[in-house]
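Listed below, chain by chain, are the residues.
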Amino acid sequence: MTASIDFYDGRSARRQRVVLRLDGERLCLDGEVGSRSYPIEACRLDEPLGGAPRVLALPDGGHCEIPRTSGGADLLAQLGARLGARDGASGAVARLQRRWTVALASLVVTVAALAAAYQWGLPWAAGIVAPRIPAALTQHISDAALSTLDRTLLKPSALPEERQQALRSRMAAVLGPPQGGAGRPAYALHFRQGPMPNAFALPSGDVVVFDSLVKLAGSDDEVVAVMAHELGHVAYRHGLRQLLQSSVVAYAVGLYLGDVSSLASGMAALVLESRYSRDFESEADRYAADRLRQAGLSPELLGQMLARLDRGQPGHDGHGSRDAVPGGDLLASHPDTQARIEALRRLSPGRP
Ligand SMILES: [Zn+2]
């Protein structure tokens, strides 16, 4: 007795074709998964449901879908004869209801567990793993992201070389030399033309500032204040943590769908368009405030720059449309700009 059947291994959603055969007290399965055999009494044949294929649950968590026509009918008759006594048609409705209740309950528990893992477990794990990612890999991810962005979103800066050098010197004077040290991350400052006044940092410490932000700033120190905020994201490894969290989700989805090849795509978009959480932004703001104060500057410089950016936004209501704006860190990810400006004011010396 043989029939060609759809088989699912219970780990991915991928369908595989197998041949099922009854051999004495064992059910034998052959196909691209290899050969397996199970004691018949350990298998469970679901109740018939309309004209749908019958589901045969296997003891290893996999299942087969057996069509009720052609080759499947004979096999079902055989299986029914073996399993029928224990799993007959009587009480079918009650069993079906019980199964649905159990299935629904396990679904609720699973969803709750996944939500909890996503909400708390994943950020926690990412926080543990991110600092252990080797510097070479961090640099590689960052370089790849920047060159992708250079091909797609960004254009070379039009700022004169002297202007760029002046800003680099001012950054070094306020925030320390680019090689970092004493708990400060190393950094490199790049200028580009982007779609709107903005800036972003890659996990390697490569900070990209758009020409339009430099032009919008009231002073060079406002630009430096933005860089200090970006260095906060670097110091706390916010980019890597965000990347890890999204990658784990992408990996889990890929695993479920039986396809992990899609994982590699979209890394640059992720680095750039990832919306940092409110906590990450506050952390980077506090970091910037500390660094500015250490250099004898006021944290309000960052607040002033945020206010300028906010005024220049098309969706100037604190919500909504700006969330769709690609191309940087500052306001794209910051719906509550006013609250941040006030927090920075509170961090400034001589303020209530
Ligand atoms: Zn930020």
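What counts, and where the lines are drawn
- Residues numbered from 1 in each chain as written.
- Predicted model: local features only at pLDDT ≥ 70, side-chain atom pairs only at ≥ 80, totals over all residues.
- Heavy atoms only, no water.
- Helix = DSSP H or I, 4+ residues; strand = E, 2+ residues; numbered from the N terminus.
- Buried < 20%, exposed > 50% of the residue type's maximum accessible area, 1.4 Å probe, protein only.
- Areas by Shrake-Rupley, 256 points an atom, 1.4 Å probe, with all protein chains shown as cover.
- Pairing = 2+ DSSP bridges.
- Contact = heavy atoms within 4.5 Å.
- Axes fitted to C-alpha atoms, helices over the stretch in contact; angles between N-to-C directions.
- Phe/Tyr/Trp six-rings, centres within 6.5 Å; stacked < 30°, edge-to-face > 60°.
- Core = buried A, V, L, I, M, F, W, Y, C linked by side-chain atoms within 4.5 Å.
- Salt bridge = Lys/Arg side-chain N within 4 Å of Asp/Glu carboxyl O.
- Left-handed = near helix turned anticlockwise from the far one by under 90°.
- Nonpolar A, V, L, I, M, F, W, Y, C, P; charged D, E, K, R; others polar.
- Expected span 1.5 Å × (residues − 1).
- pLDDT = per-residue confidence, 0-100.

I'd like a description of the overall build of the protein, backed by residues and values.
In terms of regular secondary structure, the protein is built from 11 helices and 11 strands. Counting over 352 residues, the protein shows a buried share of 40%. As presented, the protein carries roughly 18,000 Å² of accessible surface, and 58% of it is formed by carbon and sulfur atoms.

Can you lay out the sheet that holds strand S8 (residues 155–156) for me, pointing to particular residues and giving the numbers?
The strand order across the open sheet formed by 4 strands is S8-S9-S11-S10, and the pairing between neighbours is mixed. Only two strands of the sheet have a single partner each, and these edge strands are S8 and strand S10 (199–201). Pairing between strand S9 (residues 188–193) and strand S11 (residues 206–210): 5 bridges, direction parallel. Opposite His-190, over in S11, you have Val-208 as the bridge partner. Sitting on the sheet, helix H3 (residues 135–152) is in contact with S9, S10 and S11, with an inclination near 20 degrees to S11. Across the sheet, helix H6 (residues 220–235) is in contact with S9, S10 and S11; its angle to S10 comes to roughly 30 degrees.

Summarise the packing of aromatic side chains; cite the residues concerned and give the values.
In total, this model carries 2 aromatic pairs according to the counting rule given. Taken together, a centroid distance of 6.1 Å and an interplanar angle of 75 degrees make the contact between Phe-200 and Phe-210 edge-to-face. Residue Phe-200 is located in strand S10, and its partner Phe-210 is located in strand S11; the two are separated by 10 residues in the primary sequence. Both rings, one in Tyr-236 and one in Tyr-287, keep their centres 5.9 Å apart while their planes meet at 75 degrees; by these two values the pair is edge-to-face. Here Tyr-236 is found in the loop between H6 and helix H7 (238–256), whereas its partner Tyr-287 is found in helix H9 (residues 278–294), with 51 residues between them in sequence. Owing to a relative accessible area of 33%, Tyr-236 belongs among the partly exposed residues under this scheme.

Can you tell me about the nonpolar core, naming the residues and giving the values?
Leu-175, Val-209, Leu-213 and Val-223 are the most contacted members of the largest nonpolar core, which has 36 residues in total. For this core, the element with the highest residue contribution is H6, accounting for 8 residues. For Leu-175, the contacting residues outside a window of four places in its chain are Arg-184, Val-224, Met-227, Ala-228, Leu-231 and Arg-291. Counting 19 residues, the second-largest nonpolar core is a separate cluster that includes Leu-20, Cys-43, Leu-76 and Leu-83.

Requested: an account of the pattern of salt bridges, with residues and values cited.
Considering all chains together, one arrives at 13 salt bridges under this definition. Between Arg-36 and Asp-60 there is a salt bridge; the shortest N-O distance is 3.3 Å. Separated by 24 residues along the polypeptide, Arg-36 in strand S4 (residues 34–39) and Asp-60 in the loop between strand S6 (54–57) and strand S7 (63–66) bring together distant segments of the chain. Given the relative accessible area of 25%, Arg-36 is considered partly exposed. Classification of Asp-60 by relative accessible area gives partly exposed; the value is 37%. Measuring nitrogen to oxygen at the nearest pair gives 3.4 Å for the salt bridge that ties Asp-46 to Arg-44. What makes Asp-46 buried here is its relative accessible area of 18%. Judged by relative accessible area, which is 37%, Arg-44 ranks as partly exposed.

Can you explain the environment of Asn-198? Please cite residues and give values.
Tracing the chain through its elements places Asn-198 in the loop between S9 and S10. You can call Asn-198 buried: its relative accessible area is 1%. Residues Asn-198 and Val-209, spaced 11 residues apart in sequence, show a C-alpha to C-alpha distance of 6.5 Å.

Quick rundown of the packing of H9 against helix H11 (residues 337–347)? Include the residues and the values.
The contact between H9 and H11 brings their axes to 10 Å, and the two run at 30 degrees. Read as a crossing pair, H9 and H11 show a hand that is right-handed. Two secondary-structure elements touch here, H9 through Glu-281, Asp-285, Arg-286, Ala-289 and Arg-293 and H11 through Arg-340, Leu-344 and Leu-347. Here the residues of the contact of H9 with H11 are counted per class, giving 3 nonpolar, no polar and 5 charged.

Outline helix H10 (residues 300–311), listing residues and values.
In a regular helix each residue adds 1.5 Å, so 12 residues correspond to 16 Å; H10 covers 16 Å between its end C-alpha atoms and thus fits that length. The buried fraction of H10 is high, at 9 of 12 residues. Among the residues of H10, those classed as buried are Glu-300, Leu-301, Leu-302, Gly-303, Met-305, Leu-306, Ala-307, Leu-309 and Asp-310. Those residues of H10 that are buried are in contact with helix H5 (211–216), H6, H9 and H11.

Could you give me a rundown of the pairing of S7, with the residues and numbers involved?
Only one face of S7 is covered, namely the face carrying Cys-64 and Ile-66; the face carrying His-63 and Glu-65 is uncovered. Note: S6 against S7, 4 bridges, orientation antiparallel. Its bridge partner lying in S7, Arg-54 is registered against Ile-66. Connecting the antiparallel pair S6 and S7 is a turn made up of 5 residues, with Gly-61 showing a positive phi of about 95 degrees.

Go over the confidence of the model for the protein with me, naming the residues and quoting the values.
Taken as a whole, the protein shows an average pLDDT of 81; of its residues, 81% reach a score of 70 or greater. Of the regions scoring below 50 in pLDDT, residues 260–267 engages in 8 contacts with residues more than four places distant in sequence or in other chains. With pLDDT under 50 throughout, residues 315–326 is counted as low confidence; its partners more than four residues away or in other chains account for 21 contacts.

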